[in-house]
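# Examining the three-dimensional arrangement
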Amino acid sequence: MQPNEFSQQASAHRIDRPIPLRERVRQSMQELIISRQLAPGQHLVESELAEMLGVSRQPIREALQLLNSEGWVELHPGYGAFVHSPTVTEVDDLLAVRSALEAESARLAANRVDADGIAHLRKLCADGQAALERDDIDSMVNANAELHRYITELSGNRVLLDFVSQVDRRVRWYYTPIARNRGQHSWQEHARLVDALEAGDADTASRIMREHTERTRQIYLEEHAEDGQDGEQAEQPAKPRTRRRRTVRTTAS
């Protein structure tokens, strides 16, 4: 057997390495932060998080370090770890970038979307509307994020998709507290956007997307204007919630 043949066979049977426990814990904690189950400014106690996620304290400690490096958690020596409290300024900056990126996504998608793409967008709109009617904020936020992500995917621009994907989790974090307020208006705007995409009207689709994302940005700013001068005072933590144990299955920690 030739060396290159052996290499090809070995590659075909290579065993995928499992995701490290610290990374799985990081992902779980990140989702708890995005959904506001861990509120901005909340003190993160290792023993409580370990009990919540069903793991030891070591992967919790490692996950907190990772989340700190990504800006989701703040570590204060002598005080402990806290969920990062985003300032109005940093939210404004990110949502402004998002508005520009997604307006371009909609413009490009209008020239590429097919009947199957429109059908999927209509289904996402229906899912979001149903979540709104039953007051299911998490499902509403997820449907909103998936609709925006899918439009960017339809654009066919991989670089644009990479940029939008980088800000997606932050957008979901910022959108969660205003999702109920945006409610019906948001899904009506989505419906008009899908109509423009279906008509292949790139300019209208881009304009609707820009106006839609700008409304979300303005509502966030209005609701947080009282946080402090120049928007720099942190959000106040939400009241503690009753926690249910979440188990991260693993064979080692």
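Small disclaimer: the values here were computed from a predicted structure and weren't measured. (Residues numbered from 1 in each chain as written. Predicted model: local features only at pLDDT ≥ 70, side-chain atom pairs only at ≥ 80, totals over all residues. Heavy atoms only, no water.)

### Looking at the overall build of the protein chain
- When you go through the protein chain residue by residue, the secondary structure sums to ten helices and three strands.
- Put simply, the protein chain runs from its N terminus to its C terminus through helices and strands in the order α-α-β-α-α-β-β-α-α-α-α-α-α.
- A burial count over the protein chain gives 44% of its 253 residues as buried.
- Long-range pairs, those at least 24 residues apart, make up 78% of the contacts in the protein chain between residues at least 6 apart in sequence.
- Roughly 14,100 Å² of accessible area belongs to the protein chain as shown, and the carbon and sulfur atoms make up 48% of that amount. (Helix = DSSP H or I, 4+ residues; strand = E, 2+ residues; numbered from the N terminus. Buried < 20%, exposed > 50% of the residue type's maximum accessible area, 1.4 Å probe, protein only. Contact = heavy atoms within 4.5 Å. Areas by Shrake-Rupley, 256 points an atom, 1.4 Å probe, with all protein chains shown as cover.)

### Some details on the nonpolar core
- Counting residues in hydrophobic clusters, the biggest one holds 60 residues, and the most contacted among them are Met29, Ile60, Leu121, Ile151 and Leu197.
- Broken down by element, this core gets its largest block of residues, eight residues, from helix H7 (residues 137-154).
- Looking at which domains feed residues into this core, each of domain 1 (21-83) and domain 2 (88-223) gives three or more. (Core = buried A, V, L, I, M, F, W, Y, C linked by side-chain atoms within 4.5 Å. Domains from an automatic or database assignment.)

### So, the packing of H7 against helix H10 (residues 202-223)
- One can describe the packing of H7 onto H10 by two numbers: an axis separation of 14 Å at closest approach and a directional angle of 145 degrees. Between H7 and H10 the crossing geometry is left-handed. Between H7, through Asn144, His148 and Ile151, and H10, the contact on the second element is made entirely by Met209, His212 and Thr213.
- When its residues are assigned to classes, the contact of H7 with H10 shows two nonpolar, four polar and no charged. (Axes fitted to C-alpha atoms, helices over the stretch in contact; angles between N-to-C directions. Left-handed = near helix turned anticlockwise from the far one by under 90°. Nonpolar A, V, L, I, M, F, W, Y, C, P; charged D, E, K, R; others polar.)

### A word on the pairing of strand E2 (residues 73-76)
- Looking at chain direction, E2 and strand E3 (residues 80-83) are connected through four bridges and run antiparallel. The residue bridging Leu75 from the neighbouring strand is Ala81, located in E3.
- Remark: three residues form the turn of the hairpin made by E2 and E3, two consecutive strands paired antiparallel; Gly78 in that turn has positive phi of roughly 90 degrees. (Pairing = 2+ DSSP bridges.)

### Comments concerning the packing of aromatic side chains
- Under the criterion given, the structure shown has three aromatic pairs.
- Plain terms: the ring middles of Trp72 and Trp173 are 4.9 Å apart, the flat faces sit at 40 degrees to each other, and that makes the pair tilted. Note that Trp72 is positioned in the loop between helix H4 (57-69) and E2 and Trp173 in helix H8 (residues 158-175), a separation of 101 residues in sequence. With respect to burial, Trp72 and Trp173 carry one shared label: buried.
- Judged by centre distance (6.2 Å) and plane angle (55 degrees), the rings of Tyr174 and Tyr220 are tilted. Residue Tyr174 is found in helix H8, and its partner Tyr220 is found in helix H10; the two are separated by 46 residues along the sequence. Taken individually, Tyr174 and Tyr220 each receive the classification buried, so the pair is uniform in this respect.
- Between the NZ or CZ atom of Arg170 and the centre of the ring of Trp72, over which it lies, the distance is 4.2 Å. (Phe/Tyr/Trp six-rings, centres within 6.5 Å; stacked < 30°, edge-to-face > 60°. Lys NZ or Arg CZ within 6 Å of the ring centre and 35° of its normal.)

### So, the sheet that holds strand E1 (residues 43-44)
- What the three strands build is an open sheet, ordered E1-E3-E2; its pairing is antiparallel. Where the open sheet ends on each side, the last strands, each with one partner, are E1 and E2.

### Let's talk about the side chain of Ser35
- The residue Ser35 is located in the loop between helix H2 (21-34) and E1 in this model.
- The class of Ser35 is buried, set by a relative accessible area of 14%.
- Other than its neighbours up to four places away in sequence, Ser35 contacts Asp138 and Thr176.

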